[in-house]
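Each chain, written out:
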Amino acid sequence: VIDEMVPFDRIAPVAEGKMASVAHRLCIWQFVGDRIAEKPLFGWGLDSSRSIPGGQVDCVEDGPSLSLHPHDAALQVWLELGIVGAFVFASVIALAFRAAASMPAGMPMAGAAAAIVSALVLASLSYGIWQNWWIGALGLIAMTCRAAMPKPIAAPKPAPKPAPKKPAPPPA
């Protein structure tokens, strides 16, 4: 999967000369993509990134193929929980954007969307998704966005039911 999206062999020589961190991330993501392909449905198990076979083999100078986590939340969820977990993760993100879209237009909606995008950028490039402080920070962001709403989110009201028809009077 990742091999087609990120041609590591072509990018690594350019990136390695400029930023070793970029080359290392690309190497990690390629390794993770290969491991995802081995167990695509249910993954390797929750918080298993640190113990994936072959993860401690260096792929760049002093850089293992996978240290503690893939430095990408979506890849970590997919690696550890499979396509099932990836679908749930994508659904949570979609629900977050839906909640932001239901906020009043203007600053509350813009602030919520900016918070979601900022969290996604950080989650896509750096921290392990299961770190307690990271989960706490995401929860705090969600609660802050919720507190900015002027009224509670109401469930959609069902359509009114038609009034029952009165029986026709019997013929006289």
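Just so you know, these numbers come straight off a predicted model, no measurement behind them.

1. Concerning the overall build of the chain
Per the secondary structure count, the chain includes six helices and two strands. Shown N-terminal to C-terminal, the secondary structure of the chain runs as helices and strands in the order α-α-α-β-β-α-α-α. Summarising the internal contacts of the chain: among those between residues at least 6 apart in sequence, 57% fall at separations of at least 24. As presented, the chain carries roughly 11300 Å² of accessible surface, and 70% of it is formed by carbon and sulfur atoms.

2. As for the confidence of the model for the chain
Detailed reading of predicted coordinates is not advised where the pLDDT is low. Model confidence for the chain is summarised by a mean pLDDT of 83, while 84% of its residues fall at 70 or above. When mean pLDDT is taken per element in the chain, helix 4 (residues 73–101) scores highest with 93 and helix 1 (residues 2–5) scores lowest with 56.

3. A short note on the packing of helix 4 against helix 5 (residues 107–125)
Running from N to C, helix 4 and helix 5 point in directions that differ by 170 degrees, and their axes come no closer than 10 Å. Taken together, the axes of helix 4 and helix 5 are roughly antiparallel relative to one another. In the crossing of helix 4 with helix 5, the sense of the turn from one axis to the other is left-handed. The segment helix 4 lies against helix 5, with Ala73, Ile93, Ala96, Phe97, Ala100 and Ala101 engaging Met109, Ala112, Ala113, Ile116, Val117, Leu120, Ala123 and Ser124. For the contact of helix 4 with helix 5, the class distribution of residues is 13 nonpolar, one polar and no charged.

4. Details of the nonpolar core
One finds Leu26, Ile28, Trp29, Phe31, Val32, Ile36, Ile52, Leu66, Leu75 and Leu79 forming the largest nonpolar core, which totals ten residues. Breaking this core down by element, the ones donating at least two residues are helix 3 (20–38) and helix 4. With six residues, helix 3 is the single largest residue contributor to this core. The residues touching Val32, leaving out its near neighbours within four places in the chain, are Leu66, Pro70, Leu75 and Leu79. Formed by seven residues, the second largest nonpolar core is a distinct cluster that contains Ala100, Met103, Ala112 and Cys145.

5. Side note on helix 3
Over its 19 residues, helix 3 extends 28 Å from the first C-alpha to the last, a length consistent with the 27 Å expected when each residue adds 1.5 Å. The set of residues buried in helix 3 consists of Ala23, His24, Leu26, Cys27, Ile28, Trp29, Gln30, Phe31, Val32, Gly33, Arg35 and Ile36.

Thresholds, definitions, all that
Sequence order as written defines the numbering, with residues in each chain counted from 1. In view of the model being predicted, local features appear only for residues whose pLDDT reaches at least 70, and side-chain atom pairs are presented and counted only at 80 or more, with totals across whole chains, interfaces and linings using the full set of residues. Note that the side-chain values use all heavy atoms of the structure and ignore hydrogens as well as water. Every helix listed is a DSSP run of H or I at least four residues long, and every strand listed is a run of E at least two residues long, numbered separately from the N terminus. Any pair of residues with heavy atoms lying within 4.5 Å of one another is described as a contacting pair. Computed with a 1.4 Å probe, the accessible areas rest on the Shrake-Rupley method; for each residue, only the protein chains presented here act as cover. Residue-level confidence of the predictor is what pLDDT reports, using numbers from 0 through 100. Inter-axis angles, ranging from 0 to 180 degrees, are taken between N-to-C directions of lines fitted to C-alpha atoms, where helices are fitted over the stretch in contact. What sets the label is the angle itself: under 35 degrees gives roughly parallel, over 145 gives roughly antiparallel, 65 to 115 gives roughly perpendicular, and the rest give oblique. Crossings are sorted by hand: turned counterclockwise from the far helix by less than a right angle, the near helix makes the crossing left-handed, and turned clockwise it makes it right-handed. Charged means Asp, Glu, Lys or Arg here, nonpolar means Ala, Val, Leu, Ile, Met, Phe, Trp, Tyr, Cys or Pro, and polar covers whatever is left, Gly included. Nonpolar core, defined: a set of buried Ala, Val, Leu, Ile, Met, Phe, Trp, Tyr and Cys residues in which side-chain atoms within 4.5 Å join the residues together. Using a 1.4 Å probe on the protein chains alone, a residue whose accessible area is under 20% of its type maximum counts as buried, one over 50% counts as exposed, and one in between counts as partly exposed. Residue count minus one, scaled by 1.5 Å, sets the expected span of a helix.

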